[in-house]
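# Summary of the model geometry
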Amino acid sequence: MRELRLEELTTEQKLGMLMCANLNHGPADVDYAVSLVREHKLGAIWIQPTVKGREETIARILEAADYPILVMTDAEDGYGDHKIPQGIALTAAHKSREL
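Residues numbered from 1 in each chain as written. Predicted model: local features only at pLDDT ≥ 70, side-chain atom pairs only at ≥ 80, totals over all residues. Heavy atoms only, no water.

### Here we look at the overall build of the protein chain
Inclusion rule: Only DSSP runs of H or I reaching four residues or more are called helices, and only runs of E reaching two or more are called strands; each is numbered from the N terminus. Summary of the burial criterion: residues with accessible area below 20% of their type's maximum are buried, those above 50% are exposed, and those between are partly exposed, where the area comes from a 1.4 Å probe applied to protein chains only. Contact definition: two residues touch when any of their heavy atoms are within 4.5 Å. For the area figures, the Shrake-Rupley method with a 1.4 Å probe applies, and any residue is considered shielded solely by the protein chains shown.
Helices and strands together make up the secondary structure of the protein chain, namely 4 helices and 5 strands. Taken from N to C terminus, the helices and strands of the protein chain fall in the order α-β-α-β-α-β-β-β-α. Considering the protein chain as a whole, with its 99 residues, one finds that 28% of them fall into the buried category. Of all intrachain contacts in the protein chain linking residues separated by at least 6 positions in sequence, the fraction that spans at least 24 positions is 67%. If you sum the accessible surface of the protein chain, you get close to 7,000 Å²; carbon and sulfur atoms cover 58% of it.

### What to know about the sheet that holds strand β1 (residues 20–22)
Going by this rule: Here, a strand pair is defined by DSSP locating no fewer than two bridges between the strands. Here, axes are lines fitted to C-alpha atoms. For helices the fit covers the stretch in contact, and angles between N-to-C directions go from 0 to 180 degrees.
The parallel open sheet is built from 3 strands, whose spatial order is β1-β2-β3. Strands at the two margins of the open sheet, each flanked by one partner only, are β1 and β3 (70–72). Adjacent strand axes in the sheet meet at a mean angle of 20° when their direction is disregarded.

### A few points about a nonpolar patch on the surface
Spelled out, the test is: Excluding any residue in a salt bridge, patches collect residues exceeding 30% relative accessible area, merging like charges within 9 Å and nonpolar Val, Leu, Ile, Met, Phe, Trp and Tyr side chains within 5 Å. Salt bridge criterion: a side-chain nitrogen from Lys or Arg within 4 Å of a carboxyl oxygen from Asp or Glu.
Together, L15, L18 and M19 make up an exposed nonpolar region whose accessible area comes to about 340 Å². Along the chain, L18 turns up in the loop between α1 (11–16) and β1.

### Remarks on the environment of M19
Following the sequence through the fold, M19 ends up in the loop between α1 and β1. Taking the C-alpha atoms as reference points, M19 and A44, 25 residues apart in sequence, are found 6.4 Å from one another. Setting aside its immediate chain neighbours within four residues, M19 contacts L42, G43 and A44.

### Observations concerning the confidence of the model for the protein chain
Note the following rule: pLDDT is a residue-level measure of predictor confidence that goes from 0 to 100.
In this model, the protein chain carries a mean pLDDT of 83, and residues with pLDDT of at least 70 account for 76%. Confidence, read as mean pLDDT per element, is least for helix α4 (residues 86–98) in the protein chain (61) and greatest for strand β2 (residues 44–46) (95).

### As for the packing of helix α2 (residues 27–38) against helix α3 (residues 54–64)
Counted only if it meets this: Working definition: roughly parallel below 35 degrees, roughly antiparallel above 145 degrees, roughly perpendicular at 65 to 115 degrees, and oblique for all remaining angles. The sense of a crossing depends on the near helix, which, turned anticlockwise from the far helix by less than a right angle, makes the crossing left-handed and, turned clockwise, makes it right-handed. Classification used: nonpolar for Ala, Val, Leu, Ile, Met, Phe, Trp, Tyr, Cys and Pro, charged for Asp, Glu, Lys and Arg, polar for all others including Gly.
Taken N-terminus to C-terminus, the directions of α2 and α3 make an angle of 20°; their axes are 8 Å apart at the nearest point. Taken as axis vectors, α2 and α3 run roughly parallel relative to one another. Between α2 and α3 the crossing geometry is right-handed. Seen from α2, the contacting residues are V30, D31, A33, V34, V37 and R38; seen from α3, they are T57, R60, I61 and A64. Looking at the contact of α2 with α3 residue by residue, the classes come out as 6 nonpolar, 1 polar and 3 charged.

### Comments concerning α3
Formally: Working definition: the arc comes from the directions between the helix axis and the C-beta atoms, pointing outward to the latter.
Listed as buried for α3 are R54, T57, I58, I61 and A64. Taken down its axis, α3 places every buried residue within 130° of arc, on the same side. Turned more than 90 degrees off the buried face of α3, the exposed positions are E56 and E63.

Next up, the structure:
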């Protein structure tokens, strides 16, 4: 994993690192995000657990990234086959703050 140094990035790259791509709209979005990652112009991706081919999409992004990139999703109900009722998730989150 490459360490990106702030002073080596262009202004466009620095601004891109603040951006998050929504990869829920199809292959063209993924191709564009991969190109941004290769150019060090994207800091995060967001992909729903319900998107077909999400594992392959995430793998493509991580393969293209030679720097740490944030991968996000909506998972308050669980992820993939691991579903949990919202009440349990909220209770678990509340209890973790008490520890």
